[in-house]
Amino acid sequence: MRILQIRFKNLNSLAGEWQIDLTNPAYTSDGIFAITGPTGAGKSTLLDAICLALYGRTPRQNRVNASQNEVMSRQTGECFAEVVFETPQGRWCCHWSQHRSRKKADGALQQPKHEVSEADSGKVLVTKLKDVADTIEKLTGMDFDRFTRSMLLAQGGFAAFLQADADARAPILEQITGTSIYSDISKAVHQRRGEEKSKLEQLKAAQSGLQLLDEEEEATLSRELAGINEQVHQQQAQVEQQQKLLNWRQQLDQEQQQRQQLEQQQQQLNTEIQAFAPEQQRLEQAQRADALRPEYEPLRQRRRDLYAARQTLAGLQAQVPALEQVLQQAQAGFSRAQQHQQQALAELERHQPLIKELREQDYGIRLKRNALQQLRAQLPAELLQGPSPDPDRLQVAMQQTQTELAEVLNGTSREVLQDQQAEVKTRGEQLGELKNLVAQAEEHRQSQQTLAQAQEVLTQQEQALGQQLAHQQQQVDGLQREYKDLLQIQRLAERIASLEQQRHELEPGKPCPLCGSEEHPWHNEQPPELSEEKARLLQVEQQLAEQQKQLQQTEVERARVTSQLQGHQARVQELTHTLAQLQAPMDACLQALAWASCPTSAEVAQAHLDARETWKQLQQQLQRIDSLQADQQRQHAEQQRLQQRLAVDAHQAELDRLQQQRTELSSEPDAEAWESRLKRACEQARSAQERAQTEVYRHEQALNQRRQQISDAAVAEQRLQQETEQMEAAFIQTLALSRFEDEAVLQAALLPPDQLHRLRLQQEALNNRAAELKALYARCEQALVLLQQQALTTEVAAQLNETLQHLQAQHARLLEQRGSLQRALDDNTRKKAQFGEQQQAIEARQRELTRWETLHELIGSADGKKFRNFAQGLTFELMVGHANHQLQKMSDRYLLVRDVDQPLELNVIDNYQAGEIRSTKNLSGGESFLISLALALGLSGMASRNVRVDSLFLDEGFGTLDEEALETALDTLSGLQQEGKLIGVISHVQALKDRIGTRIEVQSTQGGRSRISGPGCRSLG
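First, a word on what this report is: a plain description of the structure on this page. Here the structure is a predicted model, which means the values were calculated and not measured.

1. Points about the overall build of the protein chain
Regarding its fold elements, the protein chain presents 24 helices and 16 strands. For the protein chain, the residues scored as buried account for 35% of the 1021 residues in total. Long-range pairs, those at least 24 residues apart, make up 76% of the contacts in the protein chain between residues at least 6 apart in sequence. Working note: accessible area of the protein chain is about 60900 Å², and carbon and sulfur atoms make up 49% of it.

Put into structure tokens, the structure is as follows:
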């Protein structure tokens, strides 16, 4: 992963929008750059911007959300961070932003936004916060913790680790390497073991609280329950029989009571029928009159129509005089409009010749004014003020400039001089490149000679150590053989001593049970004492241990010398390869410069200086030519403006003359507007005449329409009169055939439809009730006959109900007894099942506890030390291996090793002090820095694993270095460029600023603000 570009806005003291382009050649050529500035200026803010853009958080603020944001600049309403980075999969852009309400400084914080897009196409991939985190980890192969350990080198943390005591090292190493998860796991295992143990105890306590019946008690309850069930069945049969008798008696009583109610309802119905008799007669009379309604209603409607027609005719006749008066007024208005139109047309014809002449004058003035404006627009405002300048003075100045330019050119041209300058510049660049190449080659050759001398010394040391190692090995082998022989003698003596009892049991002439011999020379003699051999054995054992220790030290020393020799050989090969690579560009430069052989560095430097001086002289001559040519162009432009000023003055005089003639011809300022007013007056008069004529026509139409309506109304009135007389004659004949004497009697008999409908409903309701009562009475009589025939009992309902309640109470008591027994048995069955389930749960929980007990024995502890220390030991061992790899690139003097007794203790083998092992606490400031830097680079290599990290940032730590150590550290960091890495160093040390040419400077300004400058840095607003 490589950071290509950083863009951010309003972060900490760096207010405003800034952009840093790390693809600038200044960064790619050196491979290392410094971020400098005073303390508190905002150097680390650049690292915060990278972390914010990628992960939405910073090492100094773990959470940035709507409730807290400590990185946004004060008195600002928004901030963002954007990073463009490159991976093997492509180029990507990650953008993070947050703003306050309405982007005001006092607004409430809003939720941050985060997105990832393709840098080349701009296609947005994800916008959700969780999806962005997953996508970044997938693209880079690193989460936030691995990123900060891989790209932001923790050199300061390792410096504290080297100086800390044994108890403080574990938390520091845990914070640096991110192994806190193992401590959490250890604590979690310990806690889970306690939880599982507590759960098991709770299950056992719950099981012990269950009280179960024994088999005899359970059998007794079962027998009692069977007897109660039998009694319940017998009592249930008695209750059902008694309920049957009570139901029969109650039904008989209900039927007798219903018959009495029906007789009472019949008497009430007869009374209502008698009361409805008058209404019955009225209903019959109205029904006969209603039969004549179809013929009588049309006659009444025709009479109403005739009355309405007469009223309409009278109203129309009354409107005619007013309409005639309005028509006369409209005719008078039309006459006045005709006269006004004739007057307007005469006025227009009288002024038409003058208007035509004025229009021609105005057109000429407009043309002249437009031409004058165009001329004025071409000249500056100051040239139009005051009198016209003198053209003779300008002509003299132009001649002087031309003469001076000819003297500077001296018969050549500016293009020729430019070509000469380009050739000199190209030659200077080639000389500069050759100077650098020659200096590098001489430096590499000097390094080769130094390494060759050191390699010769190391070869002699290795041979001497080899001879010494062979001699020591021979001594060790001899001591081992002697030790083996002495040890065997001692064991044989101990074996002889162990056969003391068997030796006393030997008898002369009898075979030995061990060897079978009949002669026993040692029967009466004591075994030999081996005091001298034992003393020699102890002495040989001590000598052997000492020789083995010396042999081991010699092997370590020889391994160190061999490692240094191999490193020198690799460095010599590397320098040889580098010199071979430098030869090709050197030959190309010599060929371009047309030099047959390569000169010394001093000769190249002098040639480069001469080319620079020649280029400066040509540059000064070109600048003078450009100045004179610019003066010529300015003088020509001034001459053109002078001619334009004279033309402006001539046009102004002609315009004044034309305007004076126009004023004398007429006082009207605008002929077009005057003609438009006259034509508009004619048009208005014509429109008024048309409106008056339309009004006359409308009133004539209204009067004629009203007269036609009067004629139509009179005809309709006569038609209705005839129809009414005919219908009256026909109705009189029909009325004579009915029972009604005249029309008045008929009208009295007629009832409104709703009243007639109501009387009919009352009559129908009385008839329905009579039929219903008759049917109910017949059914009730039939039911009484059937119930009386059954004659189930002579007891009354109260006696039967009392007996039923007594039986039901006895049945309820039996049910209660049965329920109590059944609950006891069911409760015992449930408890037995629960006891079995709890037993299974206890066994399962016991197995789970056993599993966690085993895991607790391995890694569990209350303080998390057990698993953390084990994991840290493995991590620390791997990190020391990576650190030694980096340390060999810095210096062949030191080698890191872990202490055997203290797992987190780190020692240093000093190869320049005969392999002496030293504690890291005794290192100088510069040595501590180199060791901590190697550890930081080693941790970066561990954290990145299979991910290639091509951008690294180192924050402070250079203040303790002397000149030589500082140079070694910078050479080491610069050497990472060969691996394709870009190193950023944050520091305020002046010596570091002087040694690193490429710098990003963070400068403090007023108000607690800062600004940045350097290659690829620019402010965007």
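2. Digging into unusual backbone geometry
Keep in mind that most residues, glycine aside, have a negative phi and that most peptide bonds are trans. Phi angles above zero are rare outside glycine, and N12 is one such case at about 50 degrees. Residue position: N12 is located in the loop between strand 1 (2–11) and strand 2 (14–21). Backbone geometry places K103, a non-glycine residue, at a positive phi of 55 degrees. Mapped onto the elements, K103 comes out in the loop between strand 5 (90–99) and strand 6 (113–118).

3. Remarks on the sheet that holds strand 9 (residues 894–898)
One open sheet holds the 3 strands; their spatial order is 9-10-11, and the pairing between them is antiparallel. In this open sheet, the two strands that pair with only one neighbour each are strand 9 and strand 11 (916–919). Between one strand axis and the next, the sheet turns through 35 degrees on average, direction left out of account. Taken together, the 5 bridges between strand 9 and strand 10 (residues 906–910) define a ladder with antiparallel strand orientation. When the bridges of strand 10 are listed, L896 appears paired with V908.

4. Regarding the packing of aromatic side chains
Summed over all chains, the structure comprises 4 aromatic pairs. Here the aromatic rings of Y27 and F33 are separated by 5.1 Å at their centres, their planes lie at 80 degrees, and the arrangement is edge-to-face. The class for Y27 is buried, based on a relative accessible area of 0%. What makes F33 buried here is its relative accessible area of 2%. Judged by centre distance (6.4 Å) and plane angle (80 degrees), the rings of F33 and F953 are edge-to-face. One end of the pair, F33, is in strand 3 (residues 32–36); the other, F953, is in strand 12 (residues 951–955), with 920 residues separating them in the sequence. Accessibility assignment for this pair places F33 and F953 in one class, buried.

5. What to know about the nonpolar core
Among the nonpolar cores identified, the biggest contains 80 residues, and I3, F8, I20, L54, F85, F147 and L896 are the most heavily contacted of them. At 9 residues, helix 2 (residues 45–55) tops the list of elements feeding residues into this core. Beyond its immediate sequence surroundings of up to four residues, L54 is in contact with M1, F85, C94, H114, I136 and F147. Counting 22 residues, the second largest nonpolar core, distinct from the first, contains L431, L434, L590 and L618.

6. Concerning the pattern of salt bridges
Under the defined criterion, the tally for this structure stands at 26 salt bridges. The closest approach of N and O atoms between E82 and R7, which form a salt bridge, is 3.0 Å. One end of the pair, E82, is in strand 4 (residues 78–87); the other, R7, is in strand 1, and 75 residues separate them in sequence. You can call E82 buried: its relative accessible area is 12%. Salt-bridge contacts for E723 lead to R302; the nearest nitrogen and oxygen are separated by 3.4 Å. You can see E723 sitting in helix 17 (residues 671–737) and its partner R302 sitting in helix 10 (residues 293–377), a full 421 residues away along the chain. Overlapping salt bridges, with partners in common, bring together R192, E196, R845, E848 and R851 in one network.

7. Regarding the sheet that holds strand 5
Ordered in space as 7-6-5-4-1-2-16, the 7 strands form an open sheet in which the pairing is antiparallel. Each having just a single partner strand, strand 7 (124–126) and strand 16 (1017–1019) make up the two edges of the open sheet. Pairs of neighbouring strands in the sheet enclose a mean axial angle of 20 degrees, with direction left out of account. Pairing analysis gives 10 bridges linking strand 4 to strand 5, with the strands arranged antiparallel. Each bridged residue has a counterpart across the sheet, and for C79 the counterpart in strand 5 is Q98. On the sheet, helix 3 (residues 129–140) packs against strand 4, strand 5, strand 6 and strand 7 and is oriented at approximately 40 degrees with respect to strand 6.

8. A look at the packing of helix 7 (residues 180–208) against helix 20 (residues 797–859)
Direction vectors running N to C along helix 7 and helix 20 enclose 155 degrees, while the axes themselves pass 9 Å from each other. Taken as axis vectors, helix 7 and helix 20 run roughly antiparallel relative to one another. Between helix 7 and helix 20 lies a crossing of left-handed hand. Looking at the contact of helix 7 with helix 20, its residues break down into 12 nonpolar, 7 polar and 9 charged.

9. Some points on a negative patch on the surface
Among the surface-exposed residues, D214, E215, E216 and E217 lie close enough to one another that they form a single negatively charged patch. Among the secondary structure elements, E215 is positioned in helix 8 (residues 215–275).

10. With respect to the packing of helix 8 against helix 19 (residues 753–790)
Two elements in contact, helix 8 and helix 19, have axes separated by 9 Å at closest approach and are oriented at 155 degrees. Comparing the axis directions of helix 8 and helix 19 gives the class roughly antiparallel. Crossing angle aside, the handedness with which helix 8 passes helix 19 is left-handed. Here the residues of the contact of helix 8 with helix 19 are counted per class, giving 14 nonpolar, 7 polar and 7 charged.

11. Observations concerning the environment of I917
By the element assignment, I917 lies in strand 11. Judged by relative accessible area, which is 55%, I917 ranks as exposed. For the pair formed by I917 and L896, sequence separation is 21 residues and the distance between their alpha carbons is 9.3 Å. Apart from the residues lying within four places of it in its own chain, the contact partners of I917 are N907, V908 and I909.

12. Digging into the side chain of T724
In this structure, T724 sits in helix 17. Once residues lying within four places of it in the same chain are set aside, the contact partners of T724 are L299, R302, R303 and L306.

13. A few points about the pairing of strand 4
With respect to burial, strand 4 is a largely interior element, 8 of its 10 residues being buried. Of the strand pairs in this sheet, strand 1 and strand 4 are connected by 7 bridges, and their pairing is antiparallel. In the sheet register, R2 faces strand 4, and the bridge partner there is E86. Hairpin connection, strand 4 to strand 5: the antiparallel pair is bridged by 2 residues.

14. A word on the environment of G1007
Inspection of the secondary structure assignment puts G1007 in the loop between strand 14 (999–1004) and strand 15 (1010–1013). Between the alpha carbons of G1007 and S13 there is a distance of 9.2 Å; along the sequence they are 994 residues apart.

15. Quick notes on the side chain of R249
Secondary-structure assignment places R249 in helix 8. Despite being buried, R249 has no salt bridge partner; D253 is the closest side chain of opposite charge, sitting 4.1 Å away. Only 3.1 Å separates the side chain of R249 from the backbone oxygen of E795, close enough to count as a polar contact. In this structure, R249 is in contact with T793, T794, E795, V796, A797 and L800, ignoring residues within four places of it in sequence.

Cut-offs used in this document
Residues numbered from 1 in each chain as written. Predicted model: local features only at pLDDT ≥ 70, side-chain atom pairs only at ≥ 80, totals over all residues. Heavy atoms only, no water. Helix = DSSP H or I, 4+ residues; strand = E, 2+ residues; numbered from the N terminus. Buried < 20%, exposed > 50% of the residue type's maximum accessible area, 1.4 Å probe, protein only. Contact = heavy atoms within 4.5 Å. Areas by Shrake-Rupley, 256 points an atom, 1.4 Å probe, with all protein chains shown as cover. Pairing = 2+ DSSP bridges. Axes fitted to C-alpha atoms, helices over the stretch in contact; angles between N-to-C directions. Phe/Tyr/Trp six-rings, centres within 6.5 Å; stacked < 30°, edge-to-face > 60°. Core = buried A, V, L, I, M, F, W, Y, C linked by side-chain atoms within 4.5 Å. Salt bridge = Lys/Arg side-chain N within 4 Å of Asp/Glu carboxyl O. Parallel < 35°, antiparallel > 145°, perpendicular 65-115°, else oblique. Left-handed = near helix turned anticlockwise from the far one by under 90°. Nonpolar A, V, L, I, M, F, W, Y, C, P; charged D, E, K, R; others polar. Patch = residues over 30% accessible without salt bridge, like charges linked within 9 Å, V, L, I, M, F, W, Y side chains within 5 Å. Lys, Arg positive; Asp, Glu negative; His and termini not counted. Charge placed at Lys NZ, Arg CZ, Asp CG, Glu CD. Polar contact = N/O pair within 3.5 Å; in protein donor to acceptor, adjacent residues only side chain to side chain.

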